Amino acid sequence: MSGETASRLAARIRAEGPMPLAAFMGEAVAAYYRRERVFGAAGDFVTAPEISQIFGELIGIWFALRWHAAGRPARFPLVECGPGRGALISDALRAARSVPGFADAIELHLVETSPTLAAAQAEALAGFPATWHADLETLPDGPLHLVANEFLDALPVTQFVFRGGAWRERRVGLFRQDFAFVDGPEAAPPAEMLSRLPPPREGEIFETAPAAESFVATVAARIAASGGAALVFDYGHAESGFGDTVQAVSRHRYVQPLADPGEVDLTAHVDFARIAETARAHGAAAFGPADQGVWLVAMGLPTRLTVLLRQATPEQTEELVAGTRRLTEPHAMGRLFKTLALLPVSAAPPEGF
Ligand code: SAH
């Protein structure tokens, strides 16, 4: 264990006892994204928009089609949550410029808590005007058009463990000098989530994502009330189930999840079944989840790749082909990563679903 966040969390545990995993994860993630080195080959992990420009471009086209479907309004607020270094949105804006009138209608809003990344996003936008927000609360009223890639996985989760015939909350304590999971007080996961699963065996773990659920509930309620569309991408599972999915990545390798809070990328897989169910419960229609690879191909990735390859140098060709493979192939990111679309209940299935 090293670093300022680890020391602060350890002091808190020594003073107050084991802490909820969600509180530990929330502090660790917030501290982590304030750092300089996160993304890319020299950082800890690489995301889809950082692998290929086509990812963000196809998202730009998807929203252009939503803009058309909405009757090409003069003002089109577009929101990205957790934009990282701004690759997705700058690629989306480039594609938007190829659709007459669309780029001029876009009013860009970025939801970001890291000042370091907000600065990187401003630079990537190269003068395109945007407004930054700490959360969804301050977004303008009216239809909500929103995209998020690898955002939900960064939101804190809660875990329960089935021990001696009862569910207990899993907490983070200290074992000698190291953070370790400990059984906390008796507490059960929501009954409606368990009712669809087989009876738990001794030691079974169940995860819930209250922050992701409340985010999706807010987005769905806004879409139900005022219209719009949301497109979320992440890694995760299409069906709910038992299991611990909390993971940490440092320099492109998996590491002990609790070992270095604030220094490594700490995330959890997204339960897309639960996210879709939450969206429906708040009045929106949910389409998918579609496998990311399937969605990208359905959105025209092969055609866009052919166009880019026409003017590519041999090095660029290699990079474009390798990037496309990584995003789409099932054993790479094509299947583990999924996308879910939220629309008003009466809407027809959107492009790619
Ligand atoms: N979408 C980007 C980056 C994903 S990393 C990409 O695909 O490359 C997660 C992003 O979410 C970072 O920008 C991080 O600072 C931001 N983030 C994490 N927790 C957040 C929260 N609670 N509220 C707002 N942004 C958050």
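Because the structure is predicted, anything quoted here is derived from the model rather than measured. (Residues numbered from 1 in each chain as written. Predicted model: local features only at pLDDT ≥ 70, side-chain atom pairs only at ≥ 80, totals over all residues. Heavy atoms only, no water.)

1. With respect to unusual backbone geometry
Rule in force here: Put simply, DSSP marks the helices as runs of H or I at least four residues long and the strands as runs of E at least two long, and each gets a number from the N terminus on.
Geometrically, the link from Gly-288 to Pro-289 is a cis peptide bond, its omega value of 5° lying close to zero. By the secondary structure assignment, Pro-289 is in strand β15 (residues 284-291). Here Arg-176, not a glycine, exhibits a phi torsion of approximately 55°, which is positive. Within the secondary structure, Arg-176 sits in the loop between β7 (166-175) and β8 (178-186).

2. Considerations on the domain arrangement of the protein chain
Rules: The domain limits used here are those given by an automatic or database domain assignment. Two residues qualify as a contact provided that any one of their heavy atoms is within 4.5 Å of a heavy atom in the partner residue. Accessible area that two parts lose when put together, with a 1.4 Å probe and added across both, is what the buried area reports. Salt bridges are counted wherever a side-chain nitrogen of Lys or Arg sits within 4 Å of a carboxyl oxygen of Asp or Glu. Here a polar contact is recorded for every N or O atom pair within 3.5 Å, except that within protein the pair must consist of a potential hydrogen donor and a potential acceptor, and residues adjacent in sequence are included only if both atoms are side-chain atoms.
Taken domain by domain, the protein chain comprises domain 1 (4-30 + 157-207) and domain 2 (39-155 + 210-240 + 255-344). Computed over C-alpha atoms, the centres of domain 1 and domain 2 are 30 Å apart. Listed as interface residues are 19 residues of domain 1 and, on the opposing side, 16 residues of domain 2. Taking both partners together, domain 1 and domain 2 bury about 1,400 Å²; carbon and sulfur atoms supply 66% of that area. Where domain 1 meets domain 2, there are two salt bridges. Arg-274 is paired through a salt bridge with Glu-192; the nearest N and O atoms lie 3.3 Å apart. At the boundary of domain 1 and domain 2, one finds two residue pairs in polar contact (both at pLDDT 80 or more). Counting residues per element, the ones that place at least two in the side of domain 1 that touches domain 2 are α1 (4-16), α2 (21-33), β8 and α8 (191-194). Ranked by residue count, the leading element in the side of domain 1 that touches domain 2 is α2, at five residues.

3. So, helix α10 (residues 272-281)
We count it as follows: In this scheme, a residue with accessible area under 20% of its type's maximum is buried, one over 50% is exposed, and one in between is partly exposed, where area comes from a 1.4 Å probe on protein chains only.
Within α10, the full set of buried residues consists of Phe-272, Arg-274, Ile-275, Ala-276, Thr-278 and Ala-279. Buried residues belonging to α10 abut α8, α9 (210-226), β10 (228-237), β14 (270-271), β15 and β16 (337-344). The residue sitting at the N-terminus of α10 and contributing the capping side-chain oxygen is Asp-271; that oxygen lies 3.3 Å from the backbone nitrogen of Ala-273.

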